[in-house]
Amino acid sequence: MNHNRKPGLARLWVLAALLALVAAACGGDEAEEPATTAAPGTTQATADAEEEPASPEEPMEPLRIAVVAPSASNDLAFTQSIVDAVNVIAAENPGTEVAITDGTFIVEDAAAAIRGYADEGYDLVLAHGSQYGGSLEEIAGDFPDTAFAWGTSTDTLGQPNVSAYNAASEQGGYVMGRMAAVLSDSKVIGVVGPIEVGDAKLFVDGFANGAMEQDGVTVNINYIGSFSDVALASEAAQAHIASGADVLTGSAQMVVGAVGVAQANDVLWFGTQANQTSLAPDLVVASQVYKWEIVLRDIIADISAGSLGGKAYEIDLANGGLAIEYNDGYPLPAEARTIADAAIAGIIDGSIHPLEQMFVEEPEPMEPLRIAIVAPSASNDLAFTQSIVDAVNVIAAENPGTEVAITDGTFIVEDAAAAIRGYADEGYDLVLAHGSQYGGSLEEIAGDFPDTAFAWGTSADTLGQPNVSAYNAASDQGGYVMGVVAAELTQSGVIGVVGPIEVGDAKLFVDGFASGARNQGDVTVNINYIGSFSDVALASEAAQAHIASGADVLTGSAQMVVGAVGVAQANDVLWFGTQANQTSLAPDLVVGSQVYKWEVVLRDIIADISAGSLGGKAYEIDLANGGLVIEPNDGYPLPADVIALAAATINGIIDGSINTGAN
Amino acid sequence: MADIFTSAVIVATLSSGIRLAVPLLLASVGEAFGQRSGVLNLGVDGIMLLGAFGGYYTTLKTQSPWMGLAAGLAIGMALGLLSSVISVSLLAEQGISGIGVYLFGLGMSDLLFQRLVGTPLPVKSFPKVPIPGLSEIPVLGDLFFNHSLPIYLAFLAVPVSTLIINRTRFGMNIRAVGENPEAADSQGVSVVKVRYAAVTIGGLMAGAAGAVLAVGLGIFQQNLTNAQGFIAIALVYFGAWRPLGVMAGALVYGMVSAVVLLLKTRGIIPLGASDLAAMIPAIITVLALVFAARRFRAPTALTKPFMRGG
């Protein structure tokens, strides 16, 4: 979904290439070994011994198969399922050569690998990730003699050499849902989902339907918004257990954390995509296992017969591509097994339709777009840049086919300007200039590309351009709420704030926070703008200065505060986060974080673009529209009266009875 | 206003100044070795960044800040060697090649961080080592004798470096090849070897500076050094290529930064002047050292590649 381009990195690669040239030149005569092409992520290639005798039962033509997949080959989930399947095919067909590039969560890396394999003459290239569709569509056209397969998807991209493969994962989900309902004593079942798309959504819907066939069962579903956030998935599992769940399930590679939570709390787990028994040998009841080899055999047979694609394949319970694998270490009651067997039989003979009582509305997908982000710090800075990257990923997940490009780390404005212009030039539909410092550059560039939509944040100013939207965060609102809470929690009556430069949403946050705290009574709020968005060492010393001045509660805004949170942790001082959830930096001392959900305004901006309006409007996220969310840290025991006060403050801001005092 | 003069606040502020000074001190003392031998290494910041990432990542994996420091030293030494190859053997234009090393460190440290760690995770920092007896002296004990080991070592590096440069044969050779490499060469001193050694020491100390910074903070982030490597190079000039002068510069810079932070924290510098105040450390350090260092001149052969007979 993402591709990263950094100006620094570009130079780095030039340097690396030069070094490689030098190394090659120095290698001289000995450099006779074939060059190894390093594809992004981990690349491994295995080739069976050529002299292997042919297998007795009509072996298929030996093939060269390449897999490109987003997570690790041993993720016990999505990527492992295809790797296992290809290995089965290779074992059945001696001589088959298999190459794997895994870990390509960055779509551009995946695209490079897919193209590389096609170029190297692989017979079948598997693009295993719904996010790879856009890239594959381009590449497949360039290699009409190579067979590609794309999953999970039902769309062959209109290409005669692309097959699509999908999993009817709702079927196994339904079967396991039926079992879960029988096994649950509390009759509360928790589901940890990634993003509501693809086979994960099918699984969750099927599971919930199966469980709710039994009266009195409650199924709580939590889509955490990420395929990879293991910590968040574990927290979601914790939340389910706290809500009374005694059976859990979940889909996608981030559930490993949730299975650990199930194990720690003696709660049952149902797996999907791969057999997850090894993660909790006593508590995994069963796993729905994907056997992609079923469709791979068909795809390969079709290739041998001369048809390179254009067909969609599906694994399901009937064709054996989905299998329910029980954990022998778990004593499954006979009753549950009988129900499961009956459900499987019913699905296969067509008498049961796992998605029949769909209770989750299918959201109307938006037109697929190409979105580019240019932002000043790292994509995972736990602050400003991460907030927009997360939001665009949510949009991309909601709208399969959306192509996302990211240039992060452009703290030098000229670099950002070059990237913004580059994306506009490449025809991106929406270019997000995510940094108040980019306004001057954007004003010039936007005029040169009147047909491209730009959005600039954080700002309330559309630069007088009809194709520029502005987006802003009313961060004073969350700041005010947290200021009120901070004033309740401080013992010393002194609160410290570490700010970057007195502008934009950082200033709003600081103003709101100070006003909230001061309105609670006799509290001193010391504010220190360090004069930099990136100086981690200075931010941490500013936090030290606050503590030396008696502060026992701290907060701060922008990406350099990671150092200050460390100081809070070392000195046992409370911390309030903003922009992104900062709990992971100091799990015992972060009280809560104001999280930006830019997807709320991005949806509006994109809807307006689809309706033909490229800009000229200013958007804002706030507590009322759900674009700002206060996420408390479950690991910090906030007193009940303070929680009530925070809730009342949030309501007061939403209904207008409280003014944050920021301007 | 009066309560900023309590001993607790003064100690906290001065300690803060010392912590801010230490990475600069390590990097600039190391750079002074290279410059005294005639080699300007503008890649200090890149080496610091890779040392910082190496130190952080090793600490994350081994749970030992000391292993982290060792990793920083090793990475610094390797990059110091690489810089020597580029500047001394390949006779590259020193300004440009140093920028190359800087960009390599900036990009590579971020790439490795993104690939190997991703979301920042805190790591264990160096423990404080109070010096028995001395650390109990009121005010001064806390200020000077209650720090982590790398901070003591950084300050110990100043007299040791002064001794090496001024009182040993190796130091004399460094000075000789920095002033007149042809003359040193004619006396049988290997200019190449001496410059390799001096630049590698510089790399080693830059790597240490990065590791001390990252592990001291307990966190890593893209461009963590925030150009401290360049400030360190400036401090070498303003500190007149002498470890003591360099230390004075680093301390002035650190102390002024800490005092400005305190004044902002207490609202004595008004919010509106915050951004302006952020420039004060650089301005005061430059002014102080310009006046102090006027009578010294740069090593004559600084930035000039040496080629026998050339």
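Bear in mind the structure is a predicted one, so any value in this text is a computation, not a measurement.

### Focus: the overall build of chain B
Part 1 of the argument: The helix and strand inventory of chain B stands at 13 helices and two strands.
Part 2 of the argument: Looking at chain B as a whole, 56% of its 310 residues qualify as buried.
Part 3 of the argument: Once local pairs closer than 6 in sequence are excluded, the contacts in chain B between residues at least 24 apart make up 80%.

### Observations regarding the overall build of chain A
Part 1 of the argument: Secondary structure summary: chain A contains 19 helices and 25 strands in total.
Part 2 of the argument: Each of the 663 residues in chain A was classed as buried or not, and the buried ones make up 58%.
Part 3 of the argument: For chain A, the proportion of contacts with a sequence separation of at least 24, taken over those separated by at least 6, is 68%.

### A look at the interface of chain B and chain A
Part 1 of the argument: Contacts between chain B and chain A engage 43 residues on the former and 41 residues on the latter.
Part 2 of the argument: For the side of chain B that touches chain A, the leading source of residues is helix H4 (residues 94-116) of chain B, giving nine residues.
Part 3 of the argument: Of the residues belonging to the side of chain B that touches chain A, the class tally is 22 nonpolar, 16 polar and five charged.

### A few points about the sheet that holds strand S24 (residues 618-621) of chain A
Residue and element names in this part refer to chain A.
Part 1 of the argument: Judged by pairing direction, the sheet is parallel, and its six strands sit side by side in the order S15-S14-S16-S17-S18-S24 without closing on themselves. Each edge of the open sheet carries a strand with a single partner, namely strand S15 (403-407) and S24. The average undirected angle you get between the axes of adjacent strands in this sheet is 20°.
Part 2 of the argument: Pairing of strand S17 (residues 453-457) with strand S18 (residues 468-473), which is carried by four bridges, proceeds in the parallel orientation. When the sheet's bridge partners are listed, Phe454 is paired in S18 with Val468.
Part 3 of the argument: Packing of helix H18 (residues 599-610) onto the sheet brings it into contact with strand S16 (430-434), S17, S18 and S24, and relative to S24 it is tilted by some 155°.

### Observations regarding the environment of B:Thr119
Part 1 of the argument: Tracing the chain through its elements places B:Thr119 in the loop between H4 and strand S1 (128-130).
Part 2 of the argument: Judged by the 17 C-beta atoms lying within 10 Å of it, B:Thr119 is partly exposed.
Part 3 of the argument: Separated by 102 residues in sequence, B:Thr119 and B:Gln221 have C-alpha atoms that sit 9.2 Å apart.
Part 4 of the argument: Dropping the residues within four chain positions of it, B:Thr119 is found in contact with A:Asn380, A:Leu382 and A:Ser584.

### Considerations on the packing of helix H2 (residues 44-62) of chain B against helix H10 (residues 228-238) of chain B
If you want to describe how two helices pack, look at the angle between their axes and the distance between the axes.
Residues and elements named next belong to chain B.
Part 1 of the argument: In the contact formed by H2 and H10, the axes pass within 7 Å of each other and the chain directions differ by 135°. The angle between H2 and H10 falls in the class oblique. In this structure, H2 meets H10 at a crossing whose hand is right-handed. Contact with H2, carried on its side by Val44, Asp45 and Met48, involves Gln228, Gly229, Phe230, Ala232 and Ile233 of H10 and no other residues of that element.
Part 2 of the argument: Of the residues in the contact of H2 with H10, the class split is five nonpolar, two polar and one charged.

### Examining the nonpolar core
Part 1 of the argument: If you look at the biggest cluster of nonpolar residues, it comprises 317 residues, and the most contacted ones within it are A:Ile114, A:Ile420 and A:Ala568.
Part 2 of the argument: In terms of residue count, helix H9 (residues 191-217) of chain B provides more of this core than any other element does, 17 residues in total.
Part 3 of the argument: With near-sequence residues (within four places) excluded, A:Ile114 lies in contact with A:Val68, A:Val125, A:Ala127, A:Ser135, A:Leu136 and A:Ile139.

### Considerations on H4(B)
Part 1 of the argument: Between its first and last C-alpha, H4(B) extends 32 Å over 23 residues, near the 33 Å set by a 1.5 Å rise per residue.
Part 2 of the argument: Two residues or fewer past H4(B), B:Gly118 is found with a positive phi of approximately 85°.

### A word on the pairing of strand S23 (residues 590-596) of chain A
Residues and elements named next belong to chain A.
Part 1 of the argument: In terms of burial, S23 is a largely internal element, seven of the seven residues being buried.
Part 2 of the argument: Where strand S22 (residues 574-579) meets S23, five bridges bridge the pair, whose relative direction is parallel. Opposite Gly577, over in S23, you have Ser593 as the bridge partner.

### Here's the deal with unusual backbone geometry
Residue and element names in this part refer to chain A.
Part 1 of the argument: At the junction of Gly151 and Thr152, the peptide bond is cis and its omega measures out at -5° in the coordinates.
Part 2 of the argument: By secondary structure assignment, the location of Thr152 is in the loop between strand S5 (147-151) and strand S6 (162-167).
Part 3 of the argument: Cis rather than trans, the peptide bond between Gly457 and Thr458 has omega equal to -5°.
Part 4 of the argument: The residue Thr458 is located in the loop between S17 and S18 in this model.

### A short note on the pairing of strand S14 (residues 370-374) of chain A
All names here are of chain A.
Part 1 of the argument: Of all five residues making up S14, four are buried, and the element is well covered by its neighbours.
Part 2 of the argument: Note that S14 and S15 share five bridges and pair parallel. Residue pairing in the sheet places Ile373 in a bridge with Ile406 of S15.
Part 3 of the argument: For the crossover that starts at S14, traverses helix H11 (residues 384-398) and ends in the parallel S15, the hand is right-handed.
Part 4 of the argument: Strand direction decides the pairing type here: S14 and S16, joined by four bridges, are parallel. Across the sheet, the residue bridging to Ile371 is Leu430, located in S16.

### A few points about the sheet that holds S23(A)
Part 1 of the argument: As summarised here, the arrangement of the six strands in space is S20-S19-S21-S22-S23-S25 (chain A), forming an open sheet in which the pairing is mixed. Two strands lie at the open edges of the sheet, namely strand S20 (524-529) and strand S25 (628-632) of chain A, each paired on one side alone. With direction set aside, neighbouring strand axes in the sheet form an average angle of 15°.
Part 2 of the argument: Docked against the sheet, helix H11 (residues 243-265) of chain B engages strand S19 (494-499) and S20 of chain A, running at close to 140° with respect to S20(A).

### Section: the packing of helix H6 (residues 149-167) of chain B against helix H7 (residues 169-179) of chain B
Residues and elements named next belong to chain B.
Part 1 of the argument: With their axes 5 Å apart at the nearest point, H6 and H7 run at an angle of 70° to one another. By the angle between their axes, H6 is roughly perpendicular relative to H7. Residues Ile164, Ile165, Asn166 and Arg167 of H6 lie in contact with H7, whose contacting residues are Phe170, Gly171, Ile174 and Arg175.

### Brief notes about the confidence of the model for chain A
Residues and elements named next belong to chain A.
Part 1 of the argument: In this model, chain A carries a mean pLDDT of 84, and residues with pLDDT of at least 70 account for 88%.
Part 2 of the argument: In this model residues 1-59 is a low-confidence stretch, pLDDT under 50, and it forms 78 contacts with partners more than four residues away in sequence or in other chains.
Part 3 of the argument: Contacts for the low-pLDDT stretch residues 358-365, under 50 throughout, to residues beyond four places or in other chains number four contacts.

### Some words on H11(B)
Helical geometry note: an α-helix holds 3.6 residues per turn, so side chains three or four residues apart project in the same direction.
All names here are of chain B.
Part 1 of the argument: With 23 residues, H11 extends 32 Å from end C-alpha to end C-alpha; this agrees with the ideal 33 Å at 1.5 Å per step.
Part 2 of the argument: Here H11 lies mainly inside the structure; 20 of its 23 residues are buried.
Part 3 of the argument: Following H11 by one or two positions, Gly267 has its phi on the positive side, about 75°.

### Let's talk about the environment of A:Val468
Part 1 of the argument: With respect to the helices, strands and loops of the structure, A:Val468 is situated in strand S18.
Part 2 of the argument: Residues contacting A:Val468, with those up to four places away along its chain left out, are A:Leu442, A:Ala446, A:Phe454, A:Trp456, A:Thr462, A:Leu463 and A:Gly615.

### Side note on the confidence of the model for chain B
Residue and element names in this part refer to chain B.
Part 1 of the argument: For chain B, the mean per-residue pLDDT works out to 88, and 95% of the residues sit at or above 70.
Part 2 of the argument: The element-level mean pLDDT for chain B is lowest in helix H12 (residues 274-277), coming to 71, with H2 highest at 96.
Part 3 of the argument: For this predicted complex, the interface score ipTM comes out at 0.71, while the overall pTM is 0.56.

The rules behind each value
- Residues numbered from 1 in each chain as written.
- Chains lettered and ligands numbered in written order.
- Predicted model: local features only at pLDDT ≥ 70, side-chain atom pairs only at ≥ 80, totals over all residues.
- Helix = DSSP H or I, 4+ residues; strand = E, 2+ residues; numbered from the N terminus.
- Buried ≥ 20, exposed ≤ 12 C-beta atoms within 10 Å, placed from the backbone.
- Contact = placed C-beta atoms within 7 Å.
- Nonpolar A, V, L, I, M, F, W, Y, C, P; charged D, E, K, R; others polar.
- Pairing = 2+ DSSP bridges.
- Axes fitted to C-alpha atoms, helices over the stretch in contact; angles between N-to-C directions.
- Parallel < 35°, antiparallel > 145°, perpendicular 65-115°, else oblique.
- Left-handed = near helix turned anticlockwise from the far one by under 90°.
- Core = buried A, V, L, I, M, F, W, Y, C linked by C-beta atoms within 7 Å.
- Expected span 1.5 Å × (residues − 1).
- Right-handed = clockwise from strand over helix to strand, strands pointing away.
- pLDDT = per-residue confidence, 0-100.

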